[in-house]
Amino acid sequence: MQIISTIPRILKYFIHALSFLKYLLYIRVRGLTIQVYACITVMSYRYSSILSLICLLLGFSCTAPEEAEKEEKAKAAASATTVQATQVRHDTTRAGEYYYYIQGNGTFRPEKEIQYKAQAEGRVITLHGNTGSRKNAGQPLLHFDSKEATLSVEKARISLEKAQLEYENTLVGYPQGKANAATRDSLLQKLVISSGLAEARHELKQAESVLENTRLAAPFPGIMADLEVVEGSQVNAGDPLFTFYSNGNLLLDIHLLESDLQHVKSGYPAAIKPLSQIDNATAISGKIRHINPRVDENGQVKVVIETTATQNLIPGMHAEVTIKIPYPEKTWVPKDAVVLRSGRSVVFTIEGEKAKWNYVETGMDNGREVEILDGVAAGSLVVTSNNLQLAHDAPVVTQTNKN
C-alpha cells in the first residue's frame, strides 16, 4: 500500500522532469552542452531546491544564445566600419612628347692632344713653363741645346754646295743633242743622283728638321701637362717630355649597348654630370658629336659627346651622361604607377574615392616614365604609391605629392 501511495508523487515528478527535458533539448539544439547535464540532475533528484537551481540555469541558457548573437553582429558591424582607406599619392596620365633616356659613363678628354717625345739625344736648356701652364699658339715651350744640330745644318749645306758644283761640272760636259724633252729630263735626273746632289739635299732637310725640333712651340692654344723633364735634363731619342692639350672644348667618350643605337643620332642633346660635381643639381649641357660605326667585341658602340662648358673640368674626369631622345605623340604614366599582378602590368586609377584595377599594355620605359599603349586614357588620375597590395574598388585617400 505504501508503494501504491507513492506512485502519484513519482508520476508528478516524472511529468515535471519531462517538461524540463523538452525545453532543455531545445537548448541542446542551440549548441549549449551544460543544459543537458542540468536535465540529468533534475531526473536524479526530486527535491525542489534542485528544481529551482535548474530553473535558474534554464533562464541563463535562454538568454546566452541571444547575447552571443548580438555580440557577433556587433563585432561584424565594428569590422565593417573600421576598414581604413589607403593613403596614396597620385599623378596624371599624360599625352604628348615623350622622352626616352639613355645613360652611360665616360671620361673627359681634350679635343686636341700632343704627347711630345725627344727626337734625338740632347740636353734641355730652357723650359718655358710648368705643369698647368697655359700657352697661346706660337709661344715657346722648350729649348734643347742646339749646338750640334746647328753644326749638322752647316755641314749639310757645305755638302750640298759641293754636290751642286759637281752636278754643274758634269752638266757642262754633257752633250746637248736634239733629244726630246722626256729623254732630256730622264738624263738630268740621273745626273742629279750620280753627282750626289739628291743625297745632299735630303741630308740638309734632315739636319734642319733636327734643328727645328730643338725649339718646341705651341701649335694651338693649350695647356702643358705631365711634365717629365726639367732644365738641364739629358734625354735620349724617344724619351717622353710632356703633354700639351687644347684648352677649348672637351670630349666625353661613352659606350652604349648596340640595342640603343637605333635611338641615338648625331646632334642629340646630352646632360652631363661630372662625378666631382654629382651633388650639383644643374647638369652640364652637351651634344652627340659623332657615333663610331662599329660594334666592339663587348657588343657596345662608342659615342662621342662634346661640351663647351669646361669650367672646373679637366681631362681624365669621370662623368655620367644622359642622352635625351624625343618621341612625339605618346601616352605615359610615372614608372611607380605600374605594378605587376600575375605577370601582367596593372595601373590603378582613382574614380571618386576608390581605386580601379586596369590591365595595361606598356611600351617604352625610360626609367622615369612608362609608355602606355592601351588600358588607361590620357588625363586619368593614377595611383603612384602604396599600390603593391591594393585591391579593386578599395577605398583610397590621396596625399600631396612630394617632389
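Residues numbered from 1 in each chain as written. Predicted model: local features only at pLDDT ≥ 70, side-chain atom pairs only at ≥ 80, totals over all residues. Heavy atoms only, no water.

Trainee: Help me understand helix H6 (residues 197–212) in this model?
Mentor: Because the α-helix completes a turn every 3.6 residues, residues three or four places apart line up on one side. Helix length check: H6, at 16 residues, gives a terminal C-alpha distance of 23 Å against a target of 22 Å (1.5 Å per residue), a fit within 8%. Looking at H6, one finds that the buried residues are Leu197, Ala200, Leu204 and Ala207. Here the buried residues of H6 occupy an arc of 85 degrees about the axis, which is enough to place them on one side. Exposed positions of H6 whose direction lies more than 90 degrees from the buried face are Glu199, His202, Lys205, Gln206 and Glu212. (Helix = DSSP H or I, 4+ residues; strand = E, 2+ residues; numbered from the N terminus. Expected span 1.5 Å × (residues − 1). Buried < 20%, exposed > 50% of the residue type's maximum accessible area, 1.4 Å probe, protein only. Arc of directions from axis to C-beta.)

Trainee: How should I be thinking about the environment of Ile291 in this particular structure?
Mentor: For Ile291, the position within the fold is in strand S14 (residues 284–295). In this structure, the C-alpha to C-alpha distance between Ile291 and Val264, residues 27 residues apart in sequence, is 8.6 Å. Leave out the neighbours within four places in its chain, and Ile291 touches Leu261, Val264, Lys265, Ser266, Val301, Lys302 and Val303. (Contact = heavy atoms within 4.5 Å.)

Trainee: Please clarify how the layout of surface pockets should be interpreted in this entry.
Mentor: If a probe as big as a water molecule is rolled over the atoms, it shows which places are left empty. Size it by volume and the largest pocket reaches roughly 410 Å³. Forming the boundary of the largest pocket are 21 residues, of which Ala120, Glu121, Gly122, Val210 and Thr214 lie nearest the centre. Elements that contribute at least two residues to the lining of the largest pocket include exactly strand S4 (113–117), strand S5 (122–127), helix H4 (147–172) and H6. Residue contributions to the lining of the largest pocket peak at four residues, all from H4. (1 Å grid on protein atoms, 1.4 Å probe; cavity = no way out; pocket = protein on both sides within 12 Å on 5 of 7 lines; lining within 4 Å. Points joined across faces, edges and corners; volume = space filled by probe spheres on them.)

Trainee: Sorry, what's going on with the sheet that holds strand S9 (residues 222–225) here?
Mentor: The strand order across the open sheet formed by four strands is S4-S11-S9-S6, and the pairing between neighbours is antiparallel. The sheet is open, and its two borders are formed by S4 and strand S6 (134–135), each paired with just one other strand. Judged from the four bridges that link them, S9 and strand S11 (residues 240–246) form a sheet pairing that is antiparallel. Each bridged residue has a counterpart across the sheet, and for Gly222 the counterpart in S11 is Ser246. (Pairing = 2+ DSSP bridges.)

Trainee: Which parts of the structure should I look at to understand the sheet that holds strand S7 (residues 140–144)?
Mentor: Hydrogen bonding along the main chain pairs the strands of a sheet, whether they run parallel or antiparallel. The antiparallel open sheet is built from four strands, whose spatial order is S8-S7-S5-S10. At either end of the open sheet lies a strand with only one pairing partner, and these are strand S8 (215–217) and strand S10 (234–235). Inspection of the sheet shows S5 paired to S10 by two bridges, in the antiparallel sense. Bridging across to S10, Gly122 finds its partner in Val235.

Trainee: Please clarify how the packing of H4 against H6 should be interpreted in this entry.
Mentor: Orientation of H4 relative to H6, taken along the N-to-C sense of each, is 165 degrees, at an axis distance of 8 Å. It follows that H4 is roughly antiparallel to H6 by the angle criterion. Between H4 and H6 the crossing geometry is left-handed. Residues Ala149, Thr150, Ser152, Val153, Ala156, Arg157, Ser159, Leu160, Ala163, Gln164 and Tyr167 of H4 touch H6, and the partners they reach there are Leu197, Ala200, Arg201, Glu203, Leu204, Ala207, Glu208, Val210 and Leu211. Residue classes in the contact of H4 with H6 are distributed as 12 nonpolar, four polar and four charged. (Axes fitted to C-alpha atoms, helices over the stretch in contact; angles between N-to-C directions. Parallel < 35°, antiparallel > 145°, perpendicular 65-115°, else oblique. Left-handed = near helix turned anticlockwise from the far one by under 90°. Nonpolar A, V, L, I, M, F, W, Y, C, P; charged D, E, K, R; others polar.)

Trainee: Can you help me understand the packing of aromatic side chains in this one?
Mentor: Two measures describe an aromatic ring pair: the distance that separates the ring centres and the angle between the ring planes. In this structure the tally under the stated criterion is five aromatic pairs. Taking 4.9 Å as the distance between ring centres and 35 degrees as the angle between the ring planes, the aromatic pair formed by Tyr116 and Phe242 counts as tilted. In this pair, Tyr116 is assigned in strand S4 and Phe242 in strand S11, connecting sequence segments 126 residues apart. Taking relative accessible area as the criterion, Phe242 reaches 2% and is therefore assigned buried. Through a chain of ring-to-ring contacts, three or more aromatic side chains come together here, namely Phe348, Trp357 and Tyr359. Sitting over the ring of Tyr99, Lys324 keeps its end group 4.2 Å from the ring centre. (Phe/Tyr/Trp six-rings, centres within 6.5 Å; stacked < 30°, edge-to-face > 60°. Lys NZ or Arg CZ within 6 Å of the ring centre and 35° of its normal.)

Trainee: Is there a simple way to explain the pairing of strand S18 (residues 344–351) in this structure?
Mentor: Consecutive side chains of a regular strand alternate in pointing toward one face of the sheet and then the other. With respect to burial, S18 is a largely interior element, six of its eight residues being buried. Note: strand S17 (residues 338–341) against S18, four bridges, orientation antiparallel. Pairing of Arg341 across the sheet is with Arg344, part of S18. Between S17 and S18, which pair antiparallel and follow one another directly, the connecting turn spans two residues, one of which, Ser342, has a positive phi of 55 degrees. Where S18 and strand S19 (residues 354–359) come together, six bridges link them in antiparallel fashion. Within S19, the position partnered with Glu351 by the bridge is Lys354.

Trainee: Quick question: what am I supposed to make of the nonpolar core here?
Mentor: Grouped burial of nonpolar side chains is what soluble globular proteins tend to show. In this structure, Leu252, Ile254, Ile272, Ile305, Val321 and Ile323 are the most contacted members of the largest nonpolar core, which totals 23 residues. Mapped onto this core, the elements with two or more residues apiece are strand S3 (94–110), strand S12 (250–257), strand S13 (269–274), S14, strand S15 (300–307) and strand S16 (318–334). Ranked by residues supplied to this core, first place goes to S16 with five residues. (Core = buried A, V, L, I, M, F, W, Y, C linked by side-chain atoms within 4.5 Å.)

Trainee: Help me out: how do you make sense of the side chain of Lys135 in this one?
Mentor: Assignment of secondary structure puts Lys135 in strand S6. Despite being buried, Lys135 has no salt bridge partner; Glu231 is the closest side chain of opposite charge, sitting 10 Å away. A polar atom in the side chain of Lys135 sits 2.7 Å from the backbone oxygen of His128. Setting aside its immediate chain neighbours within four residues, Lys135 contacts His128, Gly129, Pro140, Leu141, Ala218, Phe220, Pro221, Gly222, Met224 and Phe244. (Lys, Arg positive; Asp, Glu negative; His and termini not counted. Salt bridge = Lys/Arg side-chain N within 4 Å of Asp/Glu carboxyl O. Polar contact = N/O pair within 3.5 Å; in protein donor to acceptor, adjacent residues only side chain to side chain.)

Trainee: What am I meant to see in the side chain of Asn358 here?
Mentor: Inspection of the secondary structure puts Asn358 in strand S19. Taking relative accessible area as the criterion, Asn358 reaches 18% and is therefore assigned buried. A polar atom in the side chain of Asn358 sits 2.9 Å from the side chain of Thr349. Residues within four places of Asn358 in sequence aside, it is in contact with Ser345, Val346, Val347, Phe348, Thr349, Gly375 and Val376.

Trainee: Could you clarify how one ought to interpret the pattern of salt bridges in this entry?
Mentor: A full pass over the atoms with the stated rule returns 10 salt bridges. Here Asp91 ties to Arg94 by a salt bridge, and the two come within 3.0 Å at their closest N and O atoms. A relative accessible area of 21% places Asp91 in the partly exposed class. Arg94 gets classed as partly exposed once you look at its relative accessible area, which sits at 39%. In this structure, Asp393 and Lys356 form a salt bridge, with 2.3 Å as the shortest nitrogen-oxygen distance. Of this pair, Asp393 sits in the loop between strand S22 (381–383) and strand S23 (396–398) while Lys356 is found in strand S19, placing the two residues 37 residues apart along the sequence.

Geometric descriptors of this kind do not, in isolation, establish any biological role.
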